[in-house]
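# A look at the structure
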Protein chains: 2
Amino acid sequence: MNIEHDTRTRILSTARELFHGRSYADVGIKEICDLAKVQKGSFYHFFPSKQDLAMAVIDDMADEWAHGFVAEAFDQNLPPLERLDYMIDAAYYWQKAAKDIEGRMPGCLFGNLALEISTRDDVLRAKLNAVFDKASRRFHQALDQAVELGEIPPLDSEATAAAMLAFLEGIILLAKTRNDPEVVRILGPAIKTLRIELAHPN
Amino acid sequence: MNIEHDTRTRILSTARELFHGRSYADVGIKEICDLAKVQKGSFYHFFPSKQDLAMAVIDDMADEWAHGFVAEAFDQNLPPLERLDYMIDAAYYWQKAAKDIEGRMPGCLFGNLALEISTRDDVLRAKLNAVFDKASRRFHQALDQAVELGEIPPLDSEATAAAMLAFLEGIILLAKTRNDPEVVRILGPAIKTLRIELAHPN
DNA sequence: TTCATAGATGACCGGTCGGTCAACATGAAG
DNA sequence: CTTCATGTTGACCGACCGGTCATCTATGAA
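It should be emphasised that the depicted structure is a prediction, and the values quoted were computed from it without experimental measurement. Starting afresh in each chain, residues are numbered from 1 along the sequence in its written order. Chain letters and ligand numbers both follow the written order, the letters beginning at A and the numbers at 1. At least 70 in pLDDT is required for a residue's local features to be given in this predicted model, at least 80 for side-chain atom pairs to be given and counted, and no such filter applies to totals for whole chains, interfaces and linings, which use all residues. Water and hydrogen atoms play no part in the side-chain values, which are based on all heavy atoms of the structure.

## Re the overall build of chain A
Rule in force here: Numbering of helices and strands runs from the N terminus; a helix is a DSSP stretch of H or I covering at least four residues, while a strand is a stretch of E covering at least two. Contact between two residues is taken to exist if any of their heavy atoms lie within 4.5 Å; hydrogens are not considered. The protein chains shown are the only cover counted for residues, whose accessible areas, like all others here, come from Shrake-Rupley with a 1.4 Å probe.
Broken down by element type, chain A carries 10 helices and 0 strands. Its C-alpha atoms give chain A principal-axis dimensions of roughly 60 × 35 × 35 Å. Counted over contacts in chain A with a minimum sequence separation of 6, partners at least 24 positions apart contribute 67%. Carbon and sulfur atoms make up 52% of the accessible area of chain A, which totals about 9,300 Å².

Take a look at the structure:
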């Protein structure tokens, strides 16, 4: 059962690596096929178009994220605020490892794709938005629990969660532009200082 | 003197609009020439390559920024912390205006270009990095002045400045992915809560 | 009047892009 | 053995890409 989908899987992971390391537009289908050792006709047997491939890549990456280090970072057994540190650390080590191997910081695949194609392709934009929404909910939950435990004063946890996600994407963007993962490590801890207060109920 | 450079200026501003509204890779030289009413040969008379055009576009935009609303926002007569609000407001209104006209949020040209091409073109990456550095210095100065005036407790103003710039880019990224400028308005004010403490001198 | 220079013109180039297609291999079900 | 679905192969397509170039025009200095 996995043999017959082995080709598809190879295409998917190759495309993910290439898109992440360079960009959507810069990676051609021929290049993906060559690296994945797949014929072009086979590619189009599994993916009707490059756009469909991108959709699948986003799903694939989001799944691996959700079950990988994001699941670890937002482990319910971890104190809520430590989850934020964990997330920053994970981002730092990942980017650093990638740079040590390939010489350049790839940044966040979702952020990269979002800025590159969300003005051109509304379907992909919506999909990326959903990924960010899901990520934001993790922060949201952690913040609610931190408030409940009295670790931080009450705040607008939904808005603050979104702000934290934005900050995470922002420091990765800056670090990628500097091609220096240390930016993530140095600026990252400030994520816990972000606060959006509850609107006064007047 | 401006007549003989009129063609060049038209190419530049057309390219800036198109790159900003879509992406670097998605906009071809032919399209730029058609819209700017310039022949292809003329284009290559002024710009040796597409990369050179991109360099010029970044310079052009950075100049207009520096002398435009960034100069207003970081007006030395404004209280330091108000400058941050001004900057957020300016970003919000700009993105909102663009969306109202074109139907979609273009985001930040520098952020867009940084994520799209900084892994492929180190020269452009370095140029974008310099733009961010310069922007960061504005925040840095404002923070130093705020500390001096006693408006905020002492902090690592350089690191905090970078964090604020990252946050600004991050909320614009998130807003673009949602295609909703309101994200900037809602999350933006949290920029003033960001803090990175001074390292203990042990 | 000559000459040099800056700029404009548009046909043209090789290469690559995303995508198509008819032919063929394989293996399980009837 | 036949049938059918799933998957593979690689040649092929038109469109478009960034970039080149010989040729022409306009201007202004000598």
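Moving on from the model shown.
## What to know about the packing of helix H9 (residues 157-178) of chain A against helix H7 (residues 109-117) of chain B
Defined as follows: Each axis is a line fitted through C-alpha atoms, and for a helix only the stretch in contact is used; angles between axes span 0 to 180 degrees, taken between their N-to-C directions. For a crossing to be left-handed, the near helix must be turned anticlockwise from the far one by less than a right angle; the clockwise case is right-handed. Under the scheme applied here, ten amino acids are nonpolar (Ala, Val, Leu, Ile, Met, Phe, Trp, Tyr, Cys and Pro), four are charged (Asp, Glu, Lys and Arg), and all others, including Gly, are polar.
Two elements in contact, H9(A) and H7(B), have axes separated by 9 Å at closest approach and are oriented at 60°. As for the relative orientation of H9(A) and H7(B), their crossing is left-handed in sense. On H7(B), the residues touching Leu173(A), Lys176(A) and Thr177(A) of H9(A) are Gly111(B), Ala114(B) and Leu115(B). Grouping the amino acids of the contact of H9(A) with H7(B) by side-chain chemistry returns 3 nonpolar, 2 polar and 1 charged.

## Let's talk about the nonpolar core
Under the convention used in this document: Nonpolar cores are built from buried Ala, Val, Leu, Ile, Met, Phe, Trp, Tyr and Cys residues. Side-chain atoms within 4.5 Å join them into one set. In this scheme, a residue with accessible area under 20% of its type's maximum is buried, one over 50% is exposed, and one in between is partly exposed, where area comes from a 1.4 Å probe on protein chains only.
Among the nonpolar cores identified, the biggest contains 141 residues, and Phe167(A) and Phe167(B) are the most heavily contacted of them. Ignoring sequence-local partners within four residues, the contact set of Phe167(A) consists of Leu187(A), Gly188(A), Ala190(A), Ile191(A), Leu194(A), Ala163(B), Ala166(B), Phe167(B) and Leu194(B).

## Some remarks on the environment of His45(A)
Residue and element names in this part refer to chain A. With respect to the helices, strands and loops of the structure, His45 is situated in helix H3 (residues 40-46). His45 gets classed as exposed once you look at its relative accessible area, which sits at 63%. Sequence separation of His45 and Ser13 is 32 residues, and the distance between their C-alpha atoms is 17 Å.

## Comments concerning the packing of aromatic side chains
Residues and elements named next belong to chain A. The cut-off we apply is this: What counts as a ring pair is set by centres within 6.5 Å for rings of Phe, Tyr and Trp (its six-membered ring), and what kind of pair is set by the plane angle: stacked under 30 degrees, edge-to-face over 60, tilted for all other angles. Lysine NZ or arginine CZ positioned within 6 Å of the ring centre and within 35 degrees of the ring normal marks a charge as sitting over the ring.
The final tally for this structure, using the stated rule, is 16 aromatic pairs over all chains. Relative to Tyr44, the ring of Phe43 lies with its centre 5.0 Å away and its plane at 75°, an arrangement referred to as edge-to-face. Classification of Phe43 by relative accessible area gives buried; the value is 0%. Members of the aromatic cluster, joined through ring pairs, are Trp65, Phe69, Trp94 and Phe110. A cation over a ring is seen here: Arg185 above Tyr92, with NZ or CZ 5.7 Å from the ring centre.

## Examining the domain arrangement of chain A
Residues and elements named next belong to chain A. Selection rule: Just so you know, the domain bounds were taken from an automatic or database domain assignment. Once two parts are put together, the accessible area they lose, assessed with a 1.4 Å probe and summed over both, is termed the buried area. Throughout this description, the term salt bridge denotes a Lys or Arg side-chain nitrogen within 4 Å of a carboxyl oxygen of Asp or Glu. Counting of polar contacts relies on pairs of N or O atoms within 3.5 Å, with two restrictions inside protein: one atom must be capable of donating a hydrogen and the other of accepting it, and residues adjacent in sequence are counted only when both atoms are side-chain atoms.
Taken domain by domain, chain A holds domain 1 (1-50) and domain 2 (68-193). Taken over C-alpha atoms, the centre of domain 1 sits 27 Å from the centre of domain 2. If you look at the interface, domain 1 gives 7 residues, while domain 2 gives 11 residues. A buried area of about 730 Å², summed over both sides, lies between domain 1 and domain 2, and 62% of it is on carbon and sulfur atoms. Remark: the boundary between domain 1 and domain 2 carries 0 salt bridges. Where domain 1 meets domain 2, there are 4 residue pairs in polar contact (both at pLDDT 80 or more).

## A look at the interface of chain B and chain A
Facing 43 residues of chain B, the contacting portion of chain A comprises 43 residues. Here chain B meets chain A over a buried area of about 3,700 Å², counting both sides, of which 67% is carbon and sulfur. On the chain B side of the interface with chain A, the three residues burying the most area are Leu115(B), Thr119(B) and Thr177(B), jointly 19% of the side's total. Where chain B meets chain A, there are 4 salt bridges. Of the charged contacts in the structure, one is a salt bridge between Asp26(A) and Arg120(B), with a shortest N-O distance of 2.9 Å. Seen at the junction of chain B and chain A, the total is 13 residue pairs in polar contact (both at pLDDT 80 or more). Among the elements that make up the side of chain B that touches chain A, the one with the highest residue count is helix H9 (residues 157-178) of chain B (14 residues). The residue makeup of the side of chain B that touches chain A, split by class, is 21 nonpolar, 11 polar and 11 charged.

## Regarding the pattern of salt bridges
Residue and element names in this part refer to chain B. One pass over the full model with this rule turns up 28 salt bridges over all chains. With a shortest N-O distance of 3.1 Å, Asp60 and Arg16 are connected by a salt bridge. Taken as a pair, Asp60 in helix H4 (residues 50-67) and Arg16 in helix H1 (residues 6-21) lie far apart in primary sequence, 44 residues in all. Look at Asp60 and you get partly exposed, because its relative accessible area is 25%. On the basis of relative accessible area, Arg16 is assigned to the buried category, the value being 16%. For Arg22, the salt bridge is made with Asp26, and the minimal N-O distance between the two is 2.9 Å.

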